[in-house]
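Secondary and tertiary structure notes
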Amino acid sequence: MPRIGVFVCWCGLNIAGTVDVERVAEAARAIPGVVHAETYKYFCSEPGQNLIKQAIQEKRLSGVVVAACSPSMHESTFREAARMAGLNPYLVQIANIREQCSWVHTDREEATVKASAIVAAMVAKVRRDEPLEPLKFPVHRKALVIGGGIAGMQAATDIAEAGCPVILVEQGPNLGGRMAQLSETFPTLDCASCILTPRTAEVARHPLIEVLAYSEVREVTGYVGDFTVKIARKPAYVDWDKCIGCMLCQEKCPRKIPSDFERGLGSRKAIGVNFPQAVPNRPVIDREHCTYFEKGKCGVCAKICPVGAVDFEQTETVREEKVGAIVVATGFDVLPREAFGEYGYGKYPDVIDSLAFERLNSSSGPTDGVIRRPSDGKIPREVVFIQCVGSRDPDKGKPYCSKICCMYTAKHAMLYRHKVPDGQAYIFYMDVRAGGKGYEEFVQRAVEADGALYLRGRVARVYPEDGRLLVKGVDTLSGQAVEIAADLVVLATAAVPREEARGLAQILKVGTDEHGFFSEAHPKLRPVETMTRGIFLAGSVQAPRDISESVAQASGAAAKVLALFSRDELAADPLVAAVDESRCSGCLACQPICPYHAIEPKALKDRQVASVNAGLCQGCGACAAACRSGAMKLKGFTDEQILAEVGTLCL
Amino acid sequence: MRINRDTLRTDLIAKLQEISGETVALCYQCGKCSAGCPLEREMGILPHRVIRLLQLGQVEEALAANAIWLCAACHTCAARCPRGVDLSRTMEALRVILLRRGVPRAALGPPPPGAPQQTIVSFLRKYSS
C-alpha cells in the first residue's frame, strides 16, 4: 500500500487568498493511500522544507505531492528536500495550484474544488511513479569557441587561464573581428588597436589556446560534455606552416582589389593580410580576384616566396574534435548598403557607413587616419551623421534599437572635430541612448567641448547639389525643416546578425529570434546560456552589444563553461525516453519525429529496434506519442501515469 | 532653414555668450525652464525654444520674440535647470543687444494682467530707450 504525503502551500496569499487550502488538505486525506496532508505558508522556505523532510521520515512516505507553484519554479527544491530525507527525488510530484488555479480564478469555491482535483490527479500519478536515478555523463574538459572577435578571445582566454584547453575557430584569416576595424573606442577614446592587438597576440601564443583561423564549424553532434565537432579549414592557397610572414607576396602581387576590411574605401592585394598587425600574420589568396586562378598565369607570389609556401593546389581539410562545451561569439554585421535609397548610399561616394568612417579615422586605414571624403580626397568641412538608419524602423528596417550607434556617432563627431577643428558635425537623431558608465557624460562632451550640433529628427533625403550633398532633415525641437550642404554623410546603419549565423544556429540546434540573433535561455536570469545545454553565447551574436558588454558576457560564458568542467561527470534528468525492446516493431516512426536526433536504429539478433541516446534526449515525449506499438515510453510520464491523472480529473 | 558653419558660429552669438556668460550649447532641451516659467502662458515662444533658436544660430528670430520682454528675470529657470544654464542671463543679454541697437517700436500690447513687477520694468526699458 502506498504511503503518500500531500503538502498544500499557501504561497502567502498567492494561493491561500483564492483557494481554501485547509479544505484541499482535508480532501486529500480522504484519498486512499494518502497518509499525511498538511498546509504551510511557504513550503519552499527552510522551515517548510523541514516539515516535508520530517513527514517523509516519520510517516515513512513512499510518495510526495506538493501542491504549490509551477514545477518550473520549485520542483527541484522539493526533489532535493526529498532526497535529503531519504526518498528518491523522482517520487515527488508538483500539483500546480498557483499558475493553473489561484492566479487565474477569482471564485474561491470553484478554485478550491479545482485545486483539490489537481491534487487528486497528482496523487494518482505519484502512485505510479518509479524511483529513477540521474543519468551521468563524462565531461571532455576542452572548449570550442566560435568567433575570434573580442568576445570570443575573452571567453577563450578566461577558459584557458583556468587550465582548460580551447579551440578558437575564426572564419576570417585573422583574429580581432569587428574591433580590428575600429579606430578609437568610447567612452575613453583609447585606440582600438592598442587594446586589441596585445590581446590577439596573447591569445595566439597561449599554450592552451589553439587558434584555427580561416576555418568554419561544419557539423556538431553529441551533447553537453561530449560534443563532436567537424571543423573545416578553408584553402588559403598558402602553407601557413612554411610561411614566415615576410609579406613579400603581398608587396609584389600585381592585382589590386577593393578591400572589404576597408569597407571599399581602400584596396588590398589578391594575396595578403587585412592589416599589418594581423594575427596570425599569414596571407590568404582571394581566389575570385587572383589572376592565376582567373587566367592560369601570373604566379608572382609563388615565384617571390622565399620558402615556397604558396600552394595553388591547396584544398579544404576537415578535422574532428571532441569538446565538452561551446561558446558562440560570431558577432554582427551592418545593414547592406542598398537598404536606404533615399540616402544615396552606394550611389554617391561621399555617403558612407559608420564602419567606413572608422576606417577613415584609423591610422592604419586607407587615408592613414586623415579624414578625407572618398570622392575627391578633400577634407570635409561639414559632416552630417544620420543615426537610426534602419534601426527603430519596423516598417522598412529593424524594429529594435541597435544600441551602439548613439555612442559611436558621438565618438565620430568628437574625433572629426579633433582632426578638423574648423569643421562642423551635425547629428540627426531620434533619442540619444547613452545608458552606460560614463556614456551620457561622453555624449555631452561631444556637444560642449566639440561643438556637435544634435538635430532631433530623421533625414528624408540626400541628393547632390553643387558638388556637395544636400541633406534634408528636420529639427522637431524647433519645429523647422533643416537643410545642410554636407561634404560627407555618415550613416549609422542598423546592426544585424551575420549572414552565416542562421546556418550556424541550425548546425548547433540553437534557437534564433525573428531577426536571426541567437536566443538566450532566459532574457534576465540565463543570459549567456542557450536552450541547448553546454552551448553558451557571448557578444553581438545575441543582440547588438558594445565592447565592454561583449567582454563581460564572454567572461560570464567562460564561467559557465568552467562550472561544467569543474565536475567529473555531468548529471542529467532521467526523465528521458526509453524503448521497451520486446514491444518495439522497429518501424522507426519515432526517428524523424525526434527534434534532437536522439533516436537511432539498433540491431538485435533477428530484427532491428529503436534506441534512444539518453544524452541527446530532452524528454519532450514526441516519440512516445508517435509510437504505434506503445514501446516508446517517457520515464516519469508513462501512458499509465498520464491516463491515471486524466482519469482522476474526469471522474 | 539652411544651416552651415557660418550661420552657427556668428559674431552675434559670440557676443551674446560674452554678455550673458552662458553657453547655449549646454542646453539639452528638456524644457524644465518652460515648465516652471511663471509667464509661460504669455511667452508665445517658450523659454527653451528661445535657447533652441540660439543653438541653431537663429539669433534674429530670438530677438524678435516677445518672450524676451515678458521674461520677469525671476531666475526660476536658472534655479531649476539641470545643466546649470541661467536662461535669465541669456534673456537679459538678448534685451541688452536689442537696447544697444535701439529697439524698433514694434506694436506691443501692455504687459499681461497679473504679470510680475519685473516684467513691467522690462517693458519700460523697451519703450524708454
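Above this note sits the structure.
Okay, so let's go over this structure. What you see is a predicted model; the values in this text were computed from it and never measured.

What follows concerns the overall build of chain A. For chain A, the helix and strand inventory stands at 18 helices and 34 strands. If you line up chain A on its principal axes, its C-alpha atoms span 90 × 70 × 40 Å. Counting every position in chain A, which comprises 651 residues, the buried fraction comes to 54%. Sequence-distant contacts in chain A: of pairs separated by 6 or more residues, those separated by 24 or more amount to 69%.

Helices and strands together make up the secondary structure of chain B, namely nine helices and zero strands. Shown N-terminal to C-terminal, the secondary structure of chain B runs as helices and strands in the order α-α-α-α-α-α-α-α-α. Its C-alpha atoms give chain B a radius of gyration of 14 Å, within 12% of the compact-globule value 14 Å for 129 residues. The C-alpha extent of chain B, read off along each of the three principal axes, is 40 × 30 × 25 Å. When burial is assessed residue by residue, chain B has 47% of its 129 residues classed as buried. Put simply, of all contacts in chain B between residues at least 6 apart along the chain, 70% involve residues at least 24 apart. Only carbon and sulfur atoms are counted for the fraction: they give 53% of the accessible area of chain B, which is about 6400 Å². Separation between the mean location of the 17 positive side-chain charges and that of the 10 negative ones in chain B comes to 2 Å.

Bringing the interface of chain A and chain B into the picture now. On the side of chain B, 18 residues touch chain A, which itself brings 28 residues to the contact. For the pair chain A and chain B, the summed buried area comes to about 1800 Å², and 45% of that belongs to carbon and sulfur atoms. Among the salt bridges present, the one from Glu382 of chain A reaches Arg5 of chain B, with a minimum N-O distance of 3.5 Å. Where chain A meets chain B, there are 18 residue pairs in polar contact (both at pLDDT 80 or more). Those elements that provide at least two residues to the side of chain A that touches chain B are strand S22 (424-429), helix H13 (439-448), strand S23 (453-456), strand S25 (468-475) and strand S26 (480-486) of chain A. The element best represented in the side of chain A that touches chain B is S26 of chain A, accounting for six residues.

Strand S2 (residues 34-40) of chain A sits mainly inside the fold: five of its seven residues count as buried. Handedness of the crossover joining strand S1 (residues 4-9) of chain A and S2 of chain A through helix H1 (residues 21-29) of chain A: right-handed.

The next point concerns a nonpolar patch on the surface. Residues and elements named next belong to chain A. Residues Phe637, Ile642 and Val646 make up a contiguous nonpolar surface patch of roughly 230 Å² in combined accessible area. Residue position: Val646 is located in helix H18 (residues 639-650). Looking at Val646, the relative accessible area reads 40%, which means it is partly exposed.

This next bit is on the packing of helix H4 (residues 47-55) of chain B against helix H8 (residues 87-101) of chain B. All names here are of chain B. Axis separation between H4 and H8 bottoms out at 11 Å; the angle between their running directions is 65°. When the axes of H4 and H8 are compared, the crossing they make is left-handed. Touching Pro47, Val50, Ile51 and Leu54 of H4 are Leu87, Thr90, Met91 and Leu94, all from H8. A class-by-class count of the residues in the contact of H4 with H8 yields seven nonpolar, one polar and no charged.

On to the state of the cysteines. By definition, a disulfide links the sulfur atoms of two cysteines through a covalent bond. Residue and element names in this part refer to chain A. Enumeration according to the criterion identifies one disulfide over all chains in this entry. With no disulfide partner, Cys305 has as its closest neighbouring cysteine sulfur the one in Cys246, 6.2 Å distant. Among the cysteines around Cys405, which has no disulfide bond, Cys401 carries the closest sulfur, lying 6.6 Å off. The exposure class of Cys405 is buried, given its relative accessible area of 6%.

Residues and elements named next belong to chain B. On the secondary structure map, Cys71 appears in the loop between helix H6 (67-70) and helix H7 (76-80). Judged by its relative accessible area of 8%, Cys71 is buried. Sequence-wise, Cys71 and Gln118 are 47 residues apart; in three dimensions their C-alpha atoms are separated by 8.0 Å. With residues up to four places along the chain from it excluded, the contact list for Cys71 reads Met43, Met91, Arg95, Thr119 and Ser122.

Moving on, we come to H13 of chain A. Residues of H13 of chain A that are buried: Tyr439, Phe442, Val443, Gln444, Ala446 and Val447 of chain A. For H13 of chain A, the secondary structure elements touched by its buried residues are helix H12 (405-419), S23 and helix H15 (547-565) of chain A.

Attention now moves to the packing of helix H5 (residues 108-127) of chain A against H18 of chain A. What describes two packed helices is the angle between their axes and the distance between those same axes. Residues and elements named next belong to chain A. The interhelical angle for the contact between H5 and H18, taken along N-to-C directions, is 150°, at an axis separation of 8 Å. Classified by the angle their axes make, H5 and H18 are roughly antiparallel. You can see that H5 and H18 cross each other, and the crossing is right-handed. The segment H5 lies against H18, with Ala117, Ile118, Ala120, Ala121, Met122, Ala124 and Lys125 engaging Gln641, Ala644, Glu645, Thr648 and Leu649. Split into classes, the residues belonging to the contact of H5 with H18 amount to eight nonpolar, two polar and two charged.

Summarising the element assignment, Gln58 of chain B is placed in the loop between H4 and helix H5 (59-63). Judged by relative accessible area, which is 8%, Gln58 of chain B ranks as buried. Ignoring sequence-local partners within four residues, the contact set of Gln58 of chain B consists of Gln480 of chain A together with Met1 and Leu53 of chain B.

Residue and element names in this part refer to chain A. Taking strand neighbours across the sheet as the criterion, the four strands line up as S2-S1-S3-S4 in an open arrangement whose pairing is parallel. Only two strands of the sheet have a single partner each, and these edge strands are S2 and strand S4 (92-96). If you compare each strand with its neighbour and ignore which way they point, the axes differ by 20° on average. In this sheet, S2 lies alongside S1 in parallel orientation, the contact comprising six bridges. The residue of S2 that forms the bridge with Gly5 is His36. Contacts between H1 and the sheet are confined to S1 and S2, with S2 contributing the most and set at about 175° to the helix. The sheet contacts of H5 involve S1, S2, strand S3 (63-68) and S4, and relative to S4 the element is tilted by about 160°.

Residues and elements named next belong to chain A. Over its 14 residues, helix H3 (residues 71-84) extends 19 Å from the first C-alpha to the last, a length consistent with the 20 Å expected when each residue adds 1.5 Å. Of all the positions in H3, only His74, Thr77, Phe78, Arg79, Ala81 and Ala82 are classed as buried. Considering only its buried residues, H3 is in contact with helix H2 (46-58), S3 and S4. One or two residues past the end of H3 sits Gly86, with phi positive at roughly 95°.

With that settled, the discussion passes to the packing of aromatic side chains. The description of an aromatic ring pair uses the distance of the two centres, along with the angle that the planes make with each other. Residues and elements named next belong to chain A. Under the definition given, this model contains 13 aromatic pairs over all chains. Here the aromatic rings of Phe261 and Phe275 are separated by 5.2 Å at their centres, their planes lie at 10°, and the arrangement is stacked. Taken together, the residues Phe261 in the loop between strand S13 (256-258) and strand S14 (267-269) and Phe275 in the loop between strand S15 (271-272) and strand S16 (284-285) connect sequence positions 14 residues apart. What makes Phe275 buried here is its relative accessible area of 8%. Among the aromatic residues, those joined into a ring-pair cluster are Tyr237, Tyr292, Phe293 and Phe312. One residue, Lys125, lies across the ring of Phe637, its end atom 3.9 Å from the ring centre.

Here the focus is the nonpolar core. Residue and element names in this part refer to chain A. Ranked by internal contacts, the top residues of the largest apolar core, which has 99 residues, are Val327 and Phe357. The element contributing the most residues to this core is H12, with eight residues. Phe357 has contacts with Ile352, Ile371, Phe385, His412, Tyr416, Leu488 and Val490, leaving out every residue within four places of it along the chain. Counting residues in each nonpolar core, the second largest holds 42 residues, with Val34, Ile56, Ala68 and Ile94 among its members.

Basis of the calculations
- Residues numbered from 1 in each chain as written.
- Chains lettered and ligands numbered in written order.
- Predicted model: local features only at pLDDT ≥ 70, side-chain atom pairs only at ≥ 80, totals over all residues.
- Heavy atoms only, no water.
- Helix = DSSP H or I, 4+ residues; strand = E, 2+ residues; numbered from the N terminus.
- Buried < 20%, exposed > 50% of the residue type's maximum accessible area, 1.4 Å probe, protein only.
- Contact = heavy atoms within 4.5 Å.
- Rg over C-alpha atoms; globule rule 2.2 N^0.38 Å.
- Areas by Shrake-Rupley, 256 points an atom, 1.4 Å probe, with all protein chains shown as cover.
- Lys, Arg positive; Asp, Glu negative; His and termini not counted.
- Charge placed at Lys NZ, Arg CZ, Asp CG, Glu CD.
- Buried area = accessible area lost by both parts, 1.4 Å probe.
- Salt bridge = Lys/Arg side-chain N within 4 Å of Asp/Glu carboxyl O.
- Polar contact = N/O pair within 3.5 Å; in protein donor to acceptor, adjacent residues only side chain to side chain.
- Right-handed = clockwise from strand over helix to strand, strands pointing away.
- Patch = residues over 30% accessible without salt bridge, like charges linked within 9 Å, V, L, I, M, F, W, Y side chains within 5 Å.
- Axes fitted to C-alpha atoms, helices over the stretch in contact; angles between N-to-C directions.
- Left-handed = near helix turned anticlockwise from the far one by under 90°.
- Nonpolar A, V, L, I, M, F, W, Y, C, P; charged D, E, K, R; others polar.
- Disulfide = S-S within 2.5 Å.
- Parallel < 35°, antiparallel > 145°, perpendicular 65-115°, else oblique.
- Pairing = 2+ DSSP bridges.
- Expected span 1.5 Å × (residues − 1).
- Phe/Tyr/Trp six-rings, centres within 6.5 Å; stacked < 30°, edge-to-face > 60°.
- Lys NZ or Arg CZ within 6 Å of the ring centre and 35° of its normal.
- Core = buried A, V, L, I, M, F, W, Y, C linked by side-chain atoms within 4.5 Å.

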